[in-house]
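Residue-level structure breakdown
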Amino acid sequence: MTTNDELFARAQRVIPGGVNSPVRAFRAVGGTPRFIQRGQGAYIWDAEGQRYIDYIGSWGPMILGHGHPAVVEAVQRALLDGFSFGAPTEREIELAEAIIALVPGCEMVRLVSSGTEAGMSALRLARGATGRTKFIKFEGCYHGHADPLLVKAGSGLATFGFPTSAGVPEDVVKHTLVLPYNDVAALEQAFDTHGSELACVMIEPIAGNMNFVRASPPFMTRLRELCTAHGALLVFDEVMSGFRVALGGAHSVYQQLIPGFKADVFVFGKVIGGGMPLAAFGASKSIMEQLAPLGPVYQAGTLSGNPVATACGLATLKEITKPGFFDALTARTQALVAGLEGAAREAGVPLVGDSQGGMFGFFFADELPQNYGVVMATDKERFNRFFHGMLQRGVYLAPALYEAGFVSAAHTADDVAATVQAALGAFKALRA
Ligand SMILES: Cc1ncc(COP(=O)(O)O)c(C=O)c1O
């Protein structure tokens, strides 16, 4: 048997840090990443044959769990017809129609291969459609790693940010304004100063890249008002929350909370590909018709709308649109969060959690954080020890306190009970 340690040592010789995406490296929590051999339902198995209850689900896409039979069958059938043609296929239309049917206000979509590509293209579209350059993003929101989006907050309110990554020129990010999440005053000040120059505001409406933080309804209401008043587009990055927190994504959640609410541009990924490289961005017809070949905003992709990926995405969407799917997923996720809170209480550890649909978060704190600064001030050392305690007990959580968790339809009540039991042990160990 090859061990995780052996694989990690071998990987580090040929892949930077031994991983193809940084958070997989366990840098935040320490230790050796598990090399996954296979997954089935709610479980994954590592190279050493250890089974884990999986609450990462490939960082969101696996809403049905691993190896759902209807999805496997659809992918197998599609594969036999060919991997890629670089020409239009009927399934692309079907997937576009399926997405549009679930998101009111999104009248057309373009399919791409990753959330990064979708976010980058949505930003270009917003800039092209408005003829403006500057835009706002929020601290703690991740929109993929396109250069203008890899930006840290500046030192004061309504100042422009600076690059988060080497290799991103300051010139490229000088149009990116980074504001604290859920801060109405900062938003108003930014619009006062720059309103007429703003192409868009991009937001994770329910943020999953600073654990789990919701935009408050008053903040979202004011954001919509300011965007409308100043002619800036409101871009909902639903790569994580789309088709995950509800069938209509976070957009449908805010439509219920705020009468008449509507975003202008939508960014999707993860669930719509069901685990295959597939993402999308969309908007009203008039905005989307700015895209090439109809309009002046260029955007393209060799593998965009890939026939195997669209088959996987369509089969996944078909399952999640079945009656009762989200009710069951929501109840299971709520049971998990309530169970974790109860176990923490029993062990005398402060913990607070939240969830929407199949996405959840928890914090070693007394109150739910409202922004990135507060999330990062929660007890990281405790989180890291808890993470390893859970891993040892066969539960695979995201290896960083700033990541959301995901429950799939394959997680049973027994899986949740086993997780809560493991958590009780891990919480008690924290107090030892
Ligand atoms: C909200 C959000 N936007 C964009 C992205 C980037 O997507 P991808 O990793 O597919 O490039 C992510 C990835 O986690 C995300 O969570």
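Residues numbered from 1 in each chain as written. Predicted model: local features only at pLDDT ≥ 70, side-chain atom pairs only at ≥ 80, totals over all residues. Heavy atoms only, no water.

**Details of the site of the ligand**
Around the ligand, the surrounding shell consists of S114, G115, T116, Y142, H143, G144, E204, N209, D237, V239, M240 and K270. Between the ligand and Y142 there is a distance of 3.2 Å, counted from a nitrogen atom to a backbone nitrogen or oxygen. A distance of 2.7 Å separates a nitrogen atom of the ligand from a polar side-chain atom of D237. Computed on the free molecule, the ligand has an accessible area of 390 Å², of which 81% lies beneath the protein chains in the complex. When its residues are assigned to classes, the shell around the ligand shows three nonpolar, six polar and three charged. (Near = heavy atom within 4 Å. Polar contact = N/O pair within 3.5 Å; in protein donor to acceptor, adjacent residues only side chain to side chain. Areas by Shrake-Rupley, 256 points an atom, 1.4 Å probe, with all protein chains shown as cover. Nonpolar A, V, L, I, M, F, W, Y, C, P; charged D, E, K, R; others polar.)

**A look at helix 13 (residues 380-392)**
The terminal C-alpha atoms of helix 13 lie 18 Å apart, and with 13 residues this matches the ideal 18 Å at 1.5 Å per residue to within 8%. Within the sequence span of helix 13, burial applies to F383, N384, F386, F387, G389, M390 and L391. Those residues of helix 13 hidden inside the fold are in contact with strand 3 (51-54), strand 16 (359-363), strand 17 (395-396) and helix 14 (413-431). The N-terminus of helix 13 is capped by D379, whose side-chain oxygen sits 3.4 Å from the backbone nitrogen of E381. Trailing helix 13 by a residue or two, G394 shows a phi angle of about 85 degrees, which is positive. (Helix = DSSP H or I, 4+ residues; strand = E, 2+ residues; numbered from the N terminus. Expected span 1.5 Å × (residues − 1). Buried < 20%, exposed > 50% of the residue type's maximum accessible area, 1.4 Å probe, protein only. Contact = heavy atoms within 4.5 Å.)

**Notes on the sheet that holds strand 17**
Sheet strands line up and pair through hydrogen bonds in the backbone, either parallel or antiparallel. One open sheet holds the four strands; their spatial order is 1-2-3-17, and the pairing between them is mixed. Both outer strands of the open sheet, strand 1 (36-40) and strand 17, are each paired with one neighbouring strand and no more. In terms of strand pairing, strand 1 meets strand 2 (residues 43-46) through four bridges, oriented antiparallel. Note that in strand 2 the partner of Q40 across the bridge is Y43. (Pairing = 2+ DSSP bridges.)

**Description of the domain arrangement of the chain**
The extent of an interface is frequently quoted as the accessible surface area lost upon association of the parts. Along its sequence, the chain is organised into domain 1 (4-67 + 323-431) and domain 2 (69-320). On the side of domain 2, 31 residues touch domain 1, which itself brings 31 residues to the contact. Taken together, the two surfaces of domain 1 and domain 2 that pack against each other cover about 2,600 Å², and 61% of this comes from carbon and sulfur. Counting the surface domain 1 buries against domain 2, the share from its top three residues, F326, Q356 and M359, is 24%. Taken together, the connections running from domain 1 to domain 2 amount to one salt bridge. (Domains from an automatic or database assignment. Buried area = accessible area lost by both parts, 1.4 Å probe. Salt bridge = Lys/Arg side-chain N within 4 Å of Asp/Glu carboxyl O.)

**Comments concerning the sheet that holds strand 18 (residues 405-406)**
The sheet built from three strands is open, its strands ordered 15-16-18 with antiparallel pairing. Edge positions in the sheet fall to strand 15 (352-356) and strand 18, since each of these pairs with one other strand and no more. On the sheet, helix 11 (residues 325-347) packs against strand 15 and strand 16 and is oriented at approximately 180 degrees with respect to strand 15. (Axes fitted to C-alpha atoms, helices over the stretch in contact; angles between N-to-C directions.)

**Observations concerning the state of the cysteines**
Tallied over the full model, the rule gives zero disulfides. Unpaired in terms of disulfides, C106 finds its nearest cysteine sulfur in C200, a separation of 16 Å. Residue C106 is classed as buried on the basis of its relative accessible area, which comes to 2%. With no disulfide of its own, C141 has C200 as its nearest cysteine by sulfur position, at a separation of 13 Å. (Disulfide = S-S within 2.5 Å.)

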